[in-house]
Amino acid sequence: MEQRISLITLGVTDVPRAKAFYEQLGWRGQEVEETVFFQAGGLALVLWGRDKLADDAGVRNPGTGAMSLAQNVRSREEVDEVIATASKAGAEVTQPARETFYGGYAGYFADPDGHLWEIAWNPGFQLGPDGTLTLPDFSATT
């Protein structure tokens, strides 16, 4: 199996509401057959009805699971801006932005279906002009 992710699918309770929420964050998606696709750098974020996802996966209830999505940004100020925009769009801020143990700055919000998003500025993670994250060589710091 190659070490990459192509799509992240969020099972949502109300596709139009979820689409409107992400559009209020400034994302632009394409809706096809009650499924919304957002290009997100080198992968796609997909919004799909939770019941349809459960049926497709062959499970009774996909739940939300213990996971979070993360977006690294270019500055502390951008962390605050993104979290404020999400809050205005209807997100619940679950952890206000704060200093982190790794010398960065981050906070969390939950979208209307409870999916957690971390918005972080990490001085050790470089972002390309298109937002592509390149992990540092961790062995060089040990």
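Here, every reference points to the structure presented above.
Residues numbered from 1 in each chain as written. Predicted model: local features only at pLDDT ≥ 70, side-chain atom pairs only at ≥ 80, totals over all residues. Heavy atoms only, no water.

## What about the environment of Ile-8?
Turning to its location among the elements, Ile-8 is positioned in strand β1 (residues 7–12). In the structure, Ile-8 is positioned 61 residues away from Leu-69 in sequence and 9.1 Å away in space, judged by C-alpha atoms. Other than its neighbours up to four places away in sequence, Ile-8 contacts Leu-43, Ala-44, Leu-45, Val-46 and Leu-69. (Helix = DSSP H or I, 4+ residues; strand = E, 2+ residues; numbered from the N terminus. Contact = heavy atoms within 4.5 Å.)

## So, helix α3 (residues 76–88)
An α-helical turn contains 3.6 residues, so a residue and the one three or four places further along point in the same direction. In this model, α3 (13 residues) spans 19 Å end to end at C-alpha, consistent with the 18 Å of a helix rising 1.5 Å per residue. Every buried residue belonging to α3 is among Val-79, Val-82, Ile-83 and Ala-86, and all of these are buried. Along α3, the residues classed as buried sweep out an arc of 95° about the axis, all on the same side. More than 90 degrees from the buried face of α3, the exposed residues found are Glu-81 and Lys-88. In this structure, the buried residues of α3 make contact with α1 (15–24), β5 (68–72), β6 (92–99), β7 (105–110) and β8 (116–121). Two residues or fewer after α3 comes Gly-90, characterised by a positive phi angle close to 115°. (Expected span 1.5 Å × (residues − 1). Buried < 20%, exposed > 50% of the residue type's maximum accessible area, 1.4 Å probe, protein only. Arc of directions from axis to C-beta.)

## Observations regarding a nonpolar patch on the surface
The grouping of Leu-7, Val-32 and Phe-37 at the surface amounts to a nonpolar patch, some 250 Å² of accessible area in total. Position of Val-32 among the secondary structure elements: in strand β2 (residues 29–32). (Patch = residues over 30% accessible without salt bridge, like charges linked within 9 Å, V, L, I, M, F, W, Y side chains within 5 Å. Areas by Shrake-Rupley, 256 points an atom, 1.4 Å probe, with all protein chains shown as cover. Salt bridge = Lys/Arg side-chain N within 4 Å of Asp/Glu carboxyl O.)

## Looking at α1
Inspection of α1 places Val-15, Ala-18, Lys-19, Phe-21 and Tyr-22 among the buried residues, and these make up the whole buried set. Buried residues of α1, viewed axially, fall in a sector of 160°; they line one side. Residue Asp-14 occupies the N-cap position of α1, its side-chain oxygen lying 3.0 Å from the main-chain nitrogen of Arg-17. Gly-26, located one to two residues past α1, shows a positive phi value of around 100°. (Polar contact = N/O pair within 3.5 Å; in protein donor to acceptor, adjacent residues only side chain to side chain.)

## Quick word on the packing of aromatic side chains
Throughout the structure, instances matching the rule amount to 9 aromatic pairs. Arranged with centres 6.2 Å apart and planes meeting at 55°, the rings of Tyr-22 and Trp-117 form a pair that is tilted. Here the residue Tyr-22 occupies a position in helix α1, and Trp-117 occupies one in strand β8, the gap between them amounting to 95 residues. When the ring of Trp-27 is compared with that of Phe-38, the centres are 5.6 Å apart and the planes differ by 80°; the resulting orientation is edge-to-face. Of the two residues, Trp-27 sits in the loop between α1 and β2 while Phe-38 sits in strand β3 (residues 35–40), which places them 11 residues apart along the sequence. Taken as a pair, Trp-27 and Phe-38 share a single burial class, namely buried. Every member of this aromatic cluster is reached through a ring pair, and the members are Phe-21, Tyr-22, Trp-27, Phe-38, Phe-109 and Trp-117. (Phe/Tyr/Trp six-rings, centres within 6.5 Å; stacked < 30°, edge-to-face > 60°.)

## Topic: the pairing of β6
Bridge analysis of β6 against β7 gives 5 bridges, and the strand direction is antiparallel. Residue pairing in the sheet places Glu-92 in a bridge with Ala-110 of β7. Here β6 hands over to β7 after 5 residues, with Gly-103 in that stretch at a positive phi of 90°. (Pairing = 2+ DSSP bridges.)

## A look at the sheet that holds β8
Read from one edge to the other, the open sheet built from 4 strands follows the order β5-β8-β7-β6, with strand pairing classed as mixed. Edge positions in the sheet fall to β5 and β6, since each has one partner strand and no second. Put simply, the sheet's adjacent strands are angled 15° from each other on average, direction ignored. By the bridge criterion, 6 bridges tie β7 to β8 in an arrangement that is antiparallel. Looking at the pairing, Tyr-105 lines up with Trp-121 of β8. (Axes fitted to C-alpha atoms, helices over the stretch in contact; angles between N-to-C directions.)

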